[in-house]
Amino acid sequence: MNRPPGGPRTSVPVQPGTWLTLTTKKPFIPKGTPMPLEAGLLEILACPACHAPLREENATEETPELVCEGASCGLAYPVRDDIPVLLVDEARRPA
Ligand SMILES: [Zn+2]
């Protein structure tokens, strides 16, 4: 793996940890800081597709989801290891 010094790193994968696509009303939370999914967290999360608020929904015990409350959106984002994966590509579309 040769990387030119100071050159752009073009092969960095997009991490699911980049879920903080957020409004700016709360302090910045550094990426890579795993945080438990707490009630307060939901207040700062927004749907990356339409920026509507999200609500937590436990479809089953094992696969909680964050469901967009946008009327015309309704995407359901998976929560993996207590980390919400707010990626449109990973979201489940409403039936
Ligand atoms: Zn949405």
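Here, every reference points to the structure presented above.
Residues numbered from 1 in each chain as written. Predicted model: local features only at pLDDT ≥ 70, side-chain atom pairs only at ≥ 80, totals over all residues.

(A) Summary view of the pairing of strand S3 (residues 76–80). As paired strands, strand S2 (residues 64–68) and S3 are joined by 3 bridges and run antiparallel to one another. When the bridges of S3 are listed, Leu-66 appears paired with Tyr-77. Pairing geometry for S3 and strand S4 (residues 83–84), over 2 bridges, is antiparallel. Counted as the bridge partner of Arg-80 is Ile-83 from S4. Following S3, the chain reverses through 2 residues before pairing antiparallel with S4; Asp-81 in that reversal takes a positive phi of roughly 55°. (Pairing = 2+ DSSP bridges. Helix = DSSP H or I, 4+ residues; strand = E, 2+ residues; numbered from the N terminus.)

(B) A look at unusual backbone geometry. Even without a glycine there, the phi angle at His-51 is positive, about 65°. On the secondary structure map, His-51 appears in the loop between helix H1 (39–44) and strand S1 (54–58).

Without other data, these values stay purely geometric and don't point to any function.
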